[in-house]
Amino acid sequence: MTPILLTTGQILSAHARLRPTEIGARDMERSLSYQEWNARACRLANALIGLGLAKGDRVAVLAYNRLEWAEIYTATAKAGLISVPINFRLTGTEAAFIINDSGAAAVIVEDALLPTLDAARADIHIPEDRFILIGGTPRAGYRGYEDLLSAASDTEPKAMVLPDDPWCLMYTSGTTGNPKGAIRSHRGMAMLALMTDIEFHLHRQDDALLVMPMCHANSLNFFTAFLYCGGRITIFSRPSFDPELCLKALGQATFSSLVPTHYAMMLDIPSGKRGNTTNVEKLLISSAPSFAETKRRIMEMFPNSGLFELYGSTESGWVTMLHPHEQFDHLGTVGREVVGSAPIRLLDDNGQDVPDGEAGELFSCNPYQFDGYWNLPEKTAEAMRGPYLSVGDVAMRDEQGFIRLLDRKKNMIISGGENVYPSEVEQALIKHPDVRDVAVFGIEDPKWGERVVAAVVLDNGATHTAETLIDWSRGHLAGFKRPREIIFLAPDQMPRNATGKILHRTLREIFNKGRS
């Protein structure tokens, strides 16, 4: 028999057999041993099969962070089904698009998000008996999640699940047009988990606090990595980020992945209210640009932790990683290729490799990248150059091989024939002592083609005019890179997606609306 790579469903079974009483997954209120977790995952898998779902069918999930995500992801893996996580911040119409585009055969929804689903239920093409409700009181038109589990068997499902079968359909954030479903196989996710375990030196004694939405690739990737190594998974079960509660939870965790905004909110908490910050051993900052001063303050707040930074995408998984010992020697970079990856290629518009120090579109190649976009072969073909994948980011490589992200190719501003990368302008403006956050975008200009505009969030109590900041930038930016206009926003007005990435398209809309 040819040895095969174990799927997540099979890995969970192994831990349940070898370490039955060890805590495997928990949220802020409940916990499950590996044995209990496996039994509930089997029950859910068998219940879904009992509803008529067959291998390859899709199961859409709309829920805040909660323990049931651990059961759902492993149950679909055991049954050969495909999880379709939906961002809980979407509207009913947006959620219905993903459900219908994926051809979901069932949907699982949390009671708090029923208004979102009910708003578009008439447009969702799923049989009436396959709407499943987590929590709340019994409701007409929905099957109770716990009722399904209690009536099902906890024996292992008989489905034949192979490593190359799809496991998850991860819809991208859709900053331009409708979101696309990235197909992630069991093999790809297993390989990503093992590479993550190697890079972060994860082990069974580690406890991951998963704060990012469980519907997003970041938390799914670390969920899988900690499941494979047999660590403990703690899901931050709150609908929104609570910095004080997060700090309290980190008192028992050894790892977490957070975005710069999360760290900034925790750093605003007085040191006397932060509790125990010495237990954490590994922290990741990702999904948005981070600055040197922020990194220094994070390391001061968590004195026993190494700080990692990485670059990746839903489609590619991890591409590069910057390790703790590299943080201040290679500021502004996202590290070098993750272990197991082929060398990154940076290509010009003619598909030719550019020399070090020049900008090119980033193409990565690794053993865990996605298997294509769901029902979009032409989009898949556009993203690929042979085995190499691009999601449209522009970067450059220095002489030591470290990668510096410049921007999304689609965000690049062309002003007077010169290329302006918003991230470069942002890095300059954030150095101003009164600037807390900044995002740069381009708008049409009859003379220059596009002009540079900056959206700025000032520190509490600071006051500035657009003219004073533009004048300050003269010593930091070439003339064609300097913003021509600046708009000031409150911290909660800076538009971001679920991972903390700034939505440049939304900023353009805000700017244009303000001028109309």
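The structure we're discussing is the one just above.
All values derive from a computational prediction rather than experimental measurement.

A. Up close: the pairing of strand β11 (residues 232-235). The pairing of strand β1 (residues 23-26) with β11 spans two bridges and is parallel. Along β11, the bridge assignment pairs Ala25 with Ile233. Of the pairings in the sheet, the one linking strand β10 (residues 207-210) to β11 comprises four bridges and is parallel in character. Looking across to β11, one finds that Leu209 is bridged to Thr234. After leaving β10, the chain enters helix α8 (residues 217-229) and then returns to the sheet as β11, a path that is right-handed.

B. Structural detail: the sheet that holds strand β25 (residues 435-445). If you walk across this open sheet you meet the three strands as β25-β26-β27, and the pairing is mixed. Whereas interior strands pair on both sides, the edge strands pair on one side only; in this sheet they are β25 and β27 (485-488). Averaged over all adjacent pairs, the angle separating strand axes in this sheet is 25 degrees, with direction ignored. Taken together, the 10 bridges between β25 and strand β26 (residues 449-458) define a ladder with antiparallel strand orientation. By the bridge assignment, Asp437 is partnered in β26 with Val457. Sitting on the sheet, helix α14 (residues 466-473) touches β25, β26 and β27, and the angle it makes with β27 is about 125 degrees.

C. Molecular detail of the side chain of Thr320. If you trace the backbone, Thr320 turns up in strand β15 (residues 317-322). With residues up to four places along the chain from it excluded, the contact list for Thr320 reads Glu309, Leu310, Tyr311, Val334, Gly335, Arg336, Glu337, Val338, Ile344 and Ile403.

D. A look at the environment of His323. Here His323 shows up in the loop between β15 and β16 (336-337). When its relative accessible area of 18% is taken as the criterion, His323 is described as buried. Sequence separation between His323 and Leu310 is 13 residues, and the spatial gap between their C-alpha atoms is 8.6 Å. Each residue touching His323, except ones within four places of it in the same chain, is listed here: Glu199, Leu307 and Phe308. A polar contact is formed between the side chain of His323 and the side chain of Glu199, at a distance of 2.7 Å.

E. Summary view of the pattern of salt bridges. Throughout the structure, instances matching the rule amount to 24 salt bridges. Where Lys295 meets Glu309, a salt bridge forms, and the shortest distance between an N and an O atom there is 2.6 Å. One end of the pair, Lys295, is in helix α11 (residues 292-301); the other, Glu309, is in strand β14 (residues 306-313), with 14 residues separating them in the sequence. Accessibility expressed as a relative area gives 2% for Lys295, which makes it buried. The residue Arg474 makes a salt bridge to Asp471 at a minimum N-O spacing of 3.2 Å. Accessibility expressed as a relative area gives 47% for Asp471, which makes it partly exposed.

The rules behind the values
Residues numbered from 1 in each chain as written. Predicted model: local features only at pLDDT ≥ 70, side-chain atom pairs only at ≥ 80, totals over all residues. Heavy atoms only, no water. Pairing = 2+ DSSP bridges. Helix = DSSP H or I, 4+ residues; strand = E, 2+ residues; numbered from the N terminus. Right-handed = clockwise from strand over helix to strand, strands pointing away. Axes fitted to C-alpha atoms, helices over the stretch in contact; angles between N-to-C directions. Contact = heavy atoms within 4.5 Å. Buried < 20%, exposed > 50% of the residue type's maximum accessible area, 1.4 Å probe, protein only. Polar contact = N/O pair within 3.5 Å; in protein donor to acceptor, adjacent residues only side chain to side chain. Salt bridge = Lys/Arg side-chain N within 4 Å of Asp/Glu carboxyl O.

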